[in-house]
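An overview of the molecular structure
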Protein chains: 2
Amino acid sequence: MGVEEDEQWMRRALEEAARGIGRTAPNPAVGCVIVRDGVELGAGWHRRAGMPHAEREAMADVIGRHGGEVLRGATAYVTLEPCSTRGRTPACTEGLIEHGIARVVYAVADPNPAHAGAADGILRDAGIEVRAGVLADEGLRLLRGFDKVQRTGLPWMIWKTAMSLDGRLTRPPGEGMWLTGTSSRAEVQRLRAEVDGIVTSGETVRRDNPRLDLRDPQWLEGREQPWRVVISRQGRALPEDAPLFTDAHADRTRVWKGDDVRGMLRRMVDELGVHTVLLECGGNLAGVCMDDGLIDEVVVFAAPMLCGGPVSALGGEGVADGVKLSEIQFARFDDDVMMRGVVEHASLTASAH
Amino acid sequence: MGVEEDEQWMRRALEEAARGIGRTAPNPAVGCVIVRDGVELGAGWHRRAGMPHAEREAMADVIGRHGGEVLRGATAYVTLEPCSTRGRTPACTEGLIEHGIARVVYAVADPNPAHAGAADGILRDAGIEVRAGVLADEGLRLLRGFDKVQRTGLPWMIWKTAMSLDGRLTRPPGEGMWLTGTSSRAEVQRLRAEVDGIVTSGETVRRDNPRLDLRDPQWLEGREQPWRVVISRQGRALPEDAPLFTDAHADRTRVWKGDDVRGMLRRMVDELGVHTVLLECGGNLAGVCMDDGLIDEVVVFAAPMLCGGPVSALGGEGVADGVKLSEIQFARFDDDVMMRGVVEHASLTASAH
């Protein structure tokens, strides 16, 4: 089959995978489409850890629609190299072989070096044609958190801030809690739905008393609230009646004391199973994270306002030679502008390239 | 004639007026369209001080195309109330009456309180039908500098800055002079063409050695280089070989020493005849101007980069309750984003409303 056709079907598989963003940790979001004679027979995505993998979902979808026989000789497009080891569910390589799939095309090799290429060999040994690396960059973009955890033990961290045009957090008296408008705040709900956990500071809890939850029902369906981790200095009290500690999902809040932010991020991975976290805080903790190279992606909402003065949205020492962003996106939300980009140090695994 | 038709022709007159932006100081940019039986007979705009006013230009255009007879009974759409006093050119009211114009529609009353409404009376006494205030807000937008000078003796000040996403000016070593890309810098050329003068600081001259000139020929045709005023502290030397002092338009550079920025802006109006100035400098002078309420409009180019650290694009004490911007515009220039807005304190004269 031609390169263009493979890419076309891989895009469909990526669409399926994207439905799992923010829902699958500690597993990655994966999608699969099964095609025969240029026709999509069925598709599936991994819904959450413990549920079937995308390949199993897609094969079940095909069987439900057309019966199992049509799988013989079909091509499976998967966004990640199929698993080859039995975990909570049986290995996908077994399922693909059993059902007579003739060709497997995948985007990204398994980021875990112990598994990378393993399925590739098993499938070829079973007489299945394998093609790897189709739309690998796009595929890896959906696996950033999973990939970073595999490589470093740290989560992919997205720093989100809402600031004035001159990079300040000062809020005019009487303007309520927010610099930015309602459309920007709706976008923040969508952002929170992308992640497994939210990190904030004790300072932010004391000053702003934020809820840091998913309130928009469209993003909550089929998933839990993101974890909320408050990183707080030793000896500073937090308001006991804050929503973080009293609301309906207070069991998803953790307070960790100390200055070792890097260590606490590792702990989020190890104890809470997160891959991707959103950093929502003031300039001090954001500065610590930026200076320590912990931030991978940045989402800035800039409000049409100038504040001046000492309260910067990004504190810390500053990065001597600046940090460039790539994969820039812009969007306008009423009179606010959102800029989003990936920190260039946040290099991706070489295995996909 | 109907409101819609009047607005339609006034939009044409505003288009003509816009051709004069940055070219007419100490006069305002004005446009005129002459219409009869729903047909545009001719149009004109004020090209520069000492040249004919827009109404004279438009009448001459009509006479050149169709002869003077067609002016009898026609309607003149002018963006500003016609002048009624003889200055360097004869009063426009006289010309409109002489040529038999039957109806005059204008957008904005003369911002000079001594003249406002004077033409209105003269024209009505001559039997001409007059309608005022059509698209007054749009008309006033073209006259902001002229209007502010009339009301306050100070120029309309546009602060332009190119900063990192977090509001800093720190430049990575080896990145050359600019945070922002070539497309943003082309837009800065267009901005400089909007103004009569550019203000910078001695600090910026010493550090960046900028040219602060119009280099794009499309913006230079029919106009002089903007004035360049360096505001410098007493006792701090400036590099004598800087382009500002040695290039082909070094005669358009002034160095004024002292701390009285407000006084120097008045002096720019009085001695150089400017209405509109562009502030291009570092955070210190920008902060002084912001804190003192001297900035009317803001153009921020944000580069896809984070710097952190102490060098803010906007210094000063900070504005206690923040300064809101209105009339927000966004544009993307490659990976930079431009945000432009009018400072809300910069209220416009009531005469147009």
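In the annotation of an unreviewed UniProt entry, the entry for chain A reads Riboflavin biosynthesis protein RibD, and the organism field reads Haloferula rosea.

**Observations regarding the pattern of salt bridges**
Residue and element names in this part refer to chain B. Taken as a whole, this structure holds 66 salt bridges over all chains when the rule is applied. Of the charged contacts, one joins E194 and R340 as a salt bridge, the two residues approaching to 2.9 Å between their closest N and O atoms. Linking E194 in the loop between α7 (182–192) and β7 (197–201) with R340 in strand β14 (residues 336–343), this pair joins segments that are 146 residues apart in sequence. Like E194, the residue R340 is buried in the burial classification. D292 is the partner of R262 in a salt bridge, and the nearest nitrogen-oxygen pair spans 3.4 Å.

**Focus on the UniProt feature "binding site: substrate" (unreviewed entry) in chain A**
All names here are of chain A. According to UniProt, the "binding site: substrate" (unreviewed entry) feature falls on R192, L212, R215 and E280. Overall, R192 belongs to the buried group, its relative accessible area being 7%. In contact with R192, not counting residues within four places along its chain, are I198, L212, D213, L214, R215, R223, P226, L278 and E280. A distance of 2.9 Å separates a polar atom in the side chain of R192 from the backbone oxygen of D213. Mapped onto the secondary structure, R215 falls in the loop between α8 (202–208) and α9 (217–220).

**Digging into the domain arrangement of chain A**
Residue and element names in this part refer to chain A. Per the domain assignment, the segments of chain A are domain 1 (3–142) and domain 2 (150–352). Centre-to-centre, using C-alpha coordinates, domain 1 lies 33 Å away from domain 2. The interface is formed by 15 residues belonging to domain 1 together with 18 residues belonging to domain 2. Summing both sides of the interface, domain 1 and domain 2 together bury roughly 1300 Å²; the carbon and sulfur share of this comes to 53%. Sorting the residues of domain 1 by area buried against domain 2 places G22, R23 and L140 first, and these three jointly supply 37% of that buried surface. The interface formed by domain 1 and domain 2 contains 2 salt bridges. Here R141 ties to E327 by a salt bridge, and the two come within 3.1 Å at their closest N and O atoms. Summed over the shared surface of domain 1 and domain 2, the number is 4 residue pairs in polar contact (both at pLDDT 80 or more). Residue contributions to the side of domain 1 that touches domain 2 peak at 3 residues, all from helix α5 (residues 136–141). Within the side of domain 1 that touches domain 2, the residues separate by chemical class into 9 nonpolar, 3 polar and 3 charged.

**Notes on the interface of chain B and chain A**
Each partner contributes to the interface: chain B provides 40 residues, whereas chain A provides 39 residues. Summing the contributions of chain B and of chain A, the shared interface buries around 3000 Å²; its carbon and sulfur component is 66%. The tally of links between chain B and chain A comes to 0 salt bridges. Our enumeration of links across chain B and chain A arrives at 8 residue pairs in polar contact (both at pLDDT 80 or more). Counting residues per element, the ones that place at least two in the side of chain B that touches chain A are β6 (156–164), β11 (297–303), β12 (305–306), β13 (323–333) and β14 of chain B. Among the elements that take part in the side of chain B that touches chain A, β13(B) stands out by supplying 6 residues, more than any other.

**A short note on the sheet that holds strand β1 (residues 31–36) of chain B**
All names here are of chain B. Spatially, β2-β1-β3-β4-β5 is the arrangement adopted by the 5 strands of the open sheet, whose pairing is mixed. Edge positions in the open sheet fall to β2 (39–45) and β5 (129–132), since each of these has one partner strand only. Strand-to-strand twist of the sheet, defined as the mean angle between neighbouring strand axes without regard to direction, takes the value 15 degrees. Here β1 pairs with strand β3 (residues 75–80) via 4 bridges, running antiparallel. Each residue of the ladder has a partner; that of C32, found in β3, is V78.

**Details of the packing of aromatic side chains**
Per the counting criterion, the structure on display carries 2 aromatic pairs over all chains. Summarising the aromatic geometry, the rings of A:F301 and A:F333 are spaced 6.1 Å apart at their centres and angled 50 degrees between planes, so their arrangement reads as tilted. With A:F301 in strand β11 (residues 297–303) and A:F333 in strand β13 (residues 323–333), this residue pair connects regions lying 32 residues apart in the sequence. Taken individually, A:F301 and A:F333 each receive the classification buried, so the pair is uniform in this respect. One residue, B:R267, lies across the ring of B:W256, its end atom 4.0 Å from the ring centre.

**Remarks on the relation of the copies chain B and chain A**
Each copy of the sequence occupies a distinct position, and chain B is placed on chain A by a rotation of 180 degrees and an axial shift of 0.1 Å, giving an RMSD of 0.0 Å. Those values place the two copies in the arrangement expected of a two-fold rotation axis. Scanning chain B for the C-alpha nearest the rotation axis identifies B:G167, at a separation of 2.3 Å. Here 98% of the interface residues in chain B have copies in chain A that are interface residues too; the copies meet face to matching face.

Calculation rules
Each chain has its residues counted from 1, following the order in which its sequence is written. Note on labels: chains are lettered from A, ligands numbered from 1, in written order. It should be noted that, the model being predicted, local features are given only for residues of pLDDT at least 70 and side-chain atom pairs only at 80 or more, the latter also being counted only at that level, while totals for whole chains, interfaces and linings use all residues. Heavy atoms from the whole structure form the basis of all side-chain values; hydrogens and water molecules are not counted. Take a side-chain nitrogen of Lys or Arg and a carboxyl oxygen of Asp or Glu: if they are within 4 Å of each other, that pair is a salt bridge. A run of DSSP states H or I qualifies as a helix once it reaches four residues; a run of E qualifies as a strand once it reaches two. Both are numbered from the N-terminal end. Relative accessibility decides the category of a residue: with a 1.4 Å probe and only protein chains considered, values under 20% of the type maximum give buried, values over 50% give exposed, and everything between is partly exposed. UniProt positions are given in the numbering used here, feature names are shortened, and annotations may be inferred rather than shown by experiment. We call two residues in contact when some of their heavy atoms are within 4.5 Å. Two N or O atoms form a polar contact when they lie within 3.5 Å of each other; inside protein one atom must be a possible hydrogen donor and the other a possible acceptor, and for residues adjacent in sequence the pair counts only when both atoms belong to side chains. An automatic or database domain assignment supplies the residue ranges for each domain. Joining two parts hides part of their accessible area as seen by a 1.4 Å probe, and the buried area is that hidden amount summed over both. Basically, the charged four are Asp, Glu, Lys and Arg, the nonpolar ten are Ala, Val, Leu, Ile, Met, Phe, Trp, Tyr, Cys and Pro, and anything else, Gly included, counts as polar. One requirement defines pairing of two strands: DSSP has to find at least two bridges between them. Fitting a line to C-alpha atoms yields each axis, with helices limited to the stretch in contact; the angle taken between N-to-C directions then spans 0 to 180 degrees. Here the aromatic set is Phe, Tyr and Trp, taking the six-membered ring for Trp, and pairing holds for ring centres within 6.5 Å; pairs whose planes are under 30 degrees apart are stacked, those over 60 apart are edge-to-face, and all others are tilted. Counted as over-ring charges are cases with an Arg CZ or a Lys NZ within 6 Å of the ring centre that also lie within 35 degrees of the ring normal. Superposition of the copies was done by least squares, using only C-alpha atoms of residues whose pLDDT is at least 70 in both.

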